[in-house]
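Now for the letters of each chain:
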Amino acid sequence: EAGVAQSPRYKIIEKRQSVAFWCNPISGHATLYWYQQILGQGPKLLIQFQNNGVVDDSQLPKDRFSAERLKGVDSTLKIQPAKLEDSAVYLCASSLTPGAAANTEAFFGQGTRLTVV
Amino acid sequence: AQSVTQPDIHITVSEGASLELRCNYSYGATPYLFWYVQSPGQGLQLLLKYFSGDTLVQGIKGFEAEFKRSQSSFNLRKPSVHWSDAAEYFCAVGGGNKLVFGAGTILRVKS
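Since the model is a prediction, treat every value here as computed from it, not as a measurement.

Q: Is there a simple way to think about the overall build of chain B in this case?
A: In terms of regular secondary structure, chain B is built from zero helices and 12 strands. Written out in order from the N terminus, the α and β elements of chain B read β-β-β-β-β-β-β-β-β-β-β-β. Relative to a compact globule of 111 residues, whose C-alpha radius of gyration would be 13 Å, chain B shows 13 Å and is just as compact. The principal-axis extent of the C-alpha atoms belonging to chain B is close to 40 × 30 × 20 Å. Here chain B, with 111 residues, has 47% of them falling under the buried criterion. Across chain B, every contact between residues at least 6 apart in sequence was considered, and the portion connecting residues at least 24 apart equals 53%. The positive charge centre, built from 10 side chains, and the negative charge centre, built from 8, are 5 Å apart in chain B.

Q: How should the nonpolar core be read in this particular structure?
A: Buried together is how nonpolar side chains tend to be arranged in soluble globular proteins. All names here are of chain B. Formed by 25 residues in total, the largest nonpolar core has its most connected members in Leu19, Trp35, Leu47, Leu48, Phe74, Leu76 and Tyr89. At the level of elements, strand E2 (10-14), strand E3 (19-21), strand E5 (32-38), strand E6 (44-50), strand E8 (64-68), strand E9 (73-78) and strand E10 (87-95) are the ones that each hand at least two residues to this core. Non-local contacts of leucine 76, meaning those with residues more than four positions away in its chain, are made with Leu19, Glu20, Leu21, Trp35, Leu47, Leu48, Phe63, Glu64, Ala65 and Tyr89.

Q: Just to check I follow, could you spell out the environment of B:Pro31 for this structure?
A: Tracing the chain through its elements places B:Pro31 in the loop between strand E4 (24-26) and E5. In the structure, B:Pro31 is positioned 48 residues away from B:Pro79 in sequence and 26 Å away in space, judged by C-alpha atoms.

Q: Sorry, what's going on with the interface of chain B and chain A here?
A: When the parts of a complex come together, some accessible area is lost, and that lost area is often taken as the interface size. Across the contact, 20 residues belong to chain B and 23 residues belong to chain A. With its nearest N and O atoms 3.0 Å apart, the salt bridge here joins B:Lys49 to A:Glu105. Where chain B touches chain A, the interface holds five residue pairs in polar contact (both at pLDDT 80 or more). Of all the secondary-structure elements, those providing two or more residues to the side of chain B that touches chain A are E5, E6, E10 and strand E11 (98-101) of chain B. The element that contributes the greatest number of residues to the side of chain B that touches chain A is E5(B), accounting for four residues. By residue class, the composition of the side of chain B that touches chain A is 10 nonpolar, eight polar and two charged.

Q: I keep staring at the pattern of salt bridges and nothing clicks. Help me out?
A: Oppositely charged side chains can pair when the atoms bearing their charge come close. Inspection of the entire model under this criterion finds seven salt bridges over all chains. Of the charged contacts in the structure, one is a salt bridge between A:Lys62 and A:Asp57, with a shortest N-O distance of 3.7 Å. Members of the salt-bridge network, linked through shared partners, are B:Glu64, B:Glu66 and B:Arg77.

Q: Please clarify how the sheet that holds strand E8 (residues 75-79) of chain A should be interpreted in this entry.
A: As a general point, the strands of a sheet are linked pairwise by backbone hydrogen bonds and lie either parallel or antiparallel. All names here are of chain A. Overall, antiparallel pairing links the four strands, which are arranged E1-E3-E8-E7 in an open sheet. One side of each edge strand has no neighbouring strand; the edge strands of this open sheet are strand E1 (5-7) and strand E7 (65-68). Shown here is a sheet whose adjacent strand axes are inclined to one another by a mean of 15°, direction ignored. Here strand E3 (residues 19-24) runs beside E8; their pairing, made up of five bridges, is antiparallel. Bridging from a neighbouring strand, phenylalanine 21 pairs with leucine 77 of E8.

Q: Looking at this structure, how should I read the layout of surface pockets?
A: Here the idea is plain: a probe the size of a water molecule rolls over the atoms and shows the empty space left. Computed from the structure, the largest pocket encloses a volume of approximately 610 Å³. Lining the largest pocket are 29 residues, and of these A:Gln37, A:Leu39, A:Gly40, B:Gln38 and B:Glu88 sit closest to its centre. Taken together, the elements giving at least two residues each to the lining of the largest pocket come down to strand E9 (88-95) and strand E11 (112-116) of chain A together with E10 of chain B. In terms of residues, the lining of the largest pocket owes the most to one element, E11(A), which gives four residues. Per-class residue counts for the lining of the largest pocket are 12 nonpolar, 14 polar and three charged.

Q: I'm lost on the environment of A:Ala30 in this one. Help?
A: Residues and elements named next belong to chain A. Assignment of secondary structure puts alanine 30 in the loop between E3 and strand E4 (31-37). Take alanine 30: its relative accessible area is 14%, and that puts it in the buried class. Between the alpha carbons of alanine 30 and serine 75 there is a distance of 12 Å; along the sequence they are 45 residues apart. If near-sequence neighbours (up to four positions away) are discounted, alanine 30 is found in contact with Phe49, Gln50, Asn51, Arg69, Ser95 and Leu96.

Cut-offs applied
- Residues numbered from 1 in each chain as written.
- Chains lettered and ligands numbered in written order.
- Predicted model: local features only at pLDDT ≥ 70, side-chain atom pairs only at ≥ 80, totals over all residues.
- Heavy atoms only, no water.
- Helix = DSSP H or I, 4+ residues; strand = E, 2+ residues; numbered from the N terminus.
- Rg over C-alpha atoms; globule rule 2.2 N^0.38 Å.
- Buried < 20%, exposed > 50% of the residue type's maximum accessible area, 1.4 Å probe, protein only.
- Contact = heavy atoms within 4.5 Å.
- Lys, Arg positive; Asp, Glu negative; His and termini not counted.
- Charge placed at Lys NZ, Arg CZ, Asp CG, Glu CD.
- Core = buried A, V, L, I, M, F, W, Y, C linked by side-chain atoms within 4.5 Å.
- Salt bridge = Lys/Arg side-chain N within 4 Å of Asp/Glu carboxyl O.
- Polar contact = N/O pair within 3.5 Å; in protein donor to acceptor, adjacent residues only side chain to side chain.
- Nonpolar A, V, L, I, M, F, W, Y, C, P; charged D, E, K, R; others polar.
- Pairing = 2+ DSSP bridges.
- Axes fitted to C-alpha atoms, helices over the stretch in contact; angles between N-to-C directions.
- 1 Å grid on protein atoms, 1.4 Å probe; cavity = no way out; pocket = protein on both sides within 12 Å on 5 of 7 lines; lining within 4 Å.
- Points joined across faces, edges and corners; volume = space filled by probe spheres on them.

Next up, the structure:
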């Protein structure tokens, strides 16, 4: 079974530039998550999709971050303009059903390491 | 809203010694509990999970964890650590459509 695919693996940009990350979840997984993992911290949820609808984006900095999940499959996370504090690993994960159900296990991609200079 | 505390930022153990990583959670209902491991440059891999039933759960790579409701804890254990276990370990609590992670514990293994 193919896992969660993310690209690119690494990205270096200057502050105020824009960047986009792509995620392809496991086939059939209805729920998709984007997490931000700053060095030395645990992953923090940015946004959660259920199919192509947003379930939770309460911690997404909406003035600069945006995300979409076209047709309920692939997802793109964008940052515009980037700030130095956005340097982090961005993890995409997917799960079969929403978090409250028994099948809560989330499968993670390898992440995209973003460095803003 | 749920939260997770991993009190130990770093732990160093000798190869072959036993290991216990602590995790305390806060959640108003019955939680779903997880332990993930992350090697450098890698994503998170699930070690084990607790949903219900037997409070002692077995996972991959010889790990186990025990859910103690009275202590709001879900500590991870391994009887004999191998050098390849050096990594960062995250406890997570799921519920109410959310999955919340602790800050992680970095495990160092000395030979």
